[in-house]
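Structural characterization, general
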Amino acid sequence: MEFGFSTLKTVTITYNVLSVVCGITLIILGVSNLDEAKDLNNITGNNIPTYLMIFLTILGICFITLRLIGFGGFCFTKKCLVWTYATVSLSLSTMLILTALIIYFTKNTFADLGYDRTIKFFFEYHREEIVHKLQEKYECCGALSPSYWIDLPDSCCLNQRCDILSTLLMGCAPRFRELILTSASVIQWTSIGVSVAGLFGVILSYWIWSQHNSQKDPDEEESETT
C-alpha cells in the first residue's frame, strides 16, 4: 500500500511539473500578443485586448505559483497546502473557462468591429506615419486593398521592392479581422486546455489525499495539519 501511495505521489508531482508548462504557455501567449493588442487598441479605441493579454499573463504566473504550492503539499504531505492548491486551482480553472466562453461569443463581433474601425482609421489618419507603420508591420496595404492608394506608398512594398507583388497584399481591414479571429481562437482553446488540466489536478489532489488518509494513523493525521 505504501508503494501505491508513493507511486501516486510521484504521478502527482510529475503532473504539477508538467502543469508549470501550462502557466508558461499562458505567460508567453499574453506577452507575445501584447504588442498586437496595443495596435488594436489604437485602431478600435477599445482597451479590452490589452487587458486580456495582461490577465492571461497574471493567470500564468498564478498557475506556476500554484503548482509550487501543490508540489510542496504533496512532498511534505501538508493538508493546508494541498487544499489551498485545490481551491485556488478550481478558481483559476473557472476563470479560464469563463474567459474561453466570453471569447467564443464575442470574437466575431469584435472582429467585425476591428474591420469597420480599421477602415475608419485609414480615412482619418491616411496622411499620418502610423498608417504606414501598420502596413509595414502587418504586410497589408490600404484599407480594403492596395487600390485604396492612388500612388502606392513605400510601406506597401514587399522587401523594399515596389512591383506587381505589392498589389497582391491583403487590405489592412481584412488583415486585422483575420488576426483577431486567429488570436481569439488560439487564446480560447489554450484557456480550455489549461482549465481542464487544472480541474484534473483538483480531482487528483482530492483522490490521492483520500487514499493517503485511509492508510495513515490518527497520530499522523494530527501532525500533518500543523
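Here is a short report on the structure shown in this document. (Residues numbered from 1 in each chain as written. Predicted model: local features only at pLDDT ≥ 70, side-chain atom pairs only at ≥ 80, totals over all residues. Heavy atoms only, no water.)

With respect to the pattern of salt bridges
A complete count under the given rule lists four salt bridges for this structure. Here Lys137 makes a salt bridge to Asp39, at a shortest N to O gap of 2.7 Å. Taken together, the residues Lys137 in helix H5 (residues 129–138) and Asp39 in helix H2 (residues 34–44) connect sequence positions 98 residues apart. On the basis of relative accessibility, which here comes to 39%, the residue Lys137 falls in the partly exposed class. Note that Asp112 is salt-bridged to Arg177, the shortest N-O span being 2.9 Å. Taken together, the positions of Asp112 in helix H4 (residues 79–125) and Arg177 in helix H6 (residues 172–213) put the pair 65 residues apart, joining distant regions of the chain. For Asp112, a relative accessible area of 35% puts it in the partly exposed group. Beyond isolated ion pairs, a larger network of salt bridges with shared partners links Asp35, Asp39 and Lys137. (Salt bridge = Lys/Arg side-chain N within 4 Å of Asp/Glu carboxyl O. Helix = DSSP H or I, 4+ residues; strand = E, 2+ residues; numbered from the N terminus. Buried < 20%, exposed > 50% of the residue type's maximum accessible area, 1.4 Å probe, protein only.)

As for the packing of aromatic side chains
The final tally for this structure, using the stated rule, is six aromatic pairs. Their ring planes at 90 degrees and their centres at 5.6 Å tell us that Phe122 and Tyr148 sit as a pair that is edge-to-face. Note that Phe122 is positioned in helix H4 and Tyr148 in the loop between H5 and H6, a separation of 26 residues in sequence. For Phe122, a relative accessible area of 1% puts it in the buried group. (Phe/Tyr/Trp six-rings, centres within 6.5 Å; stacked < 30°, edge-to-face > 60°.)

Taken by themselves, the reported measurements are silent on function.
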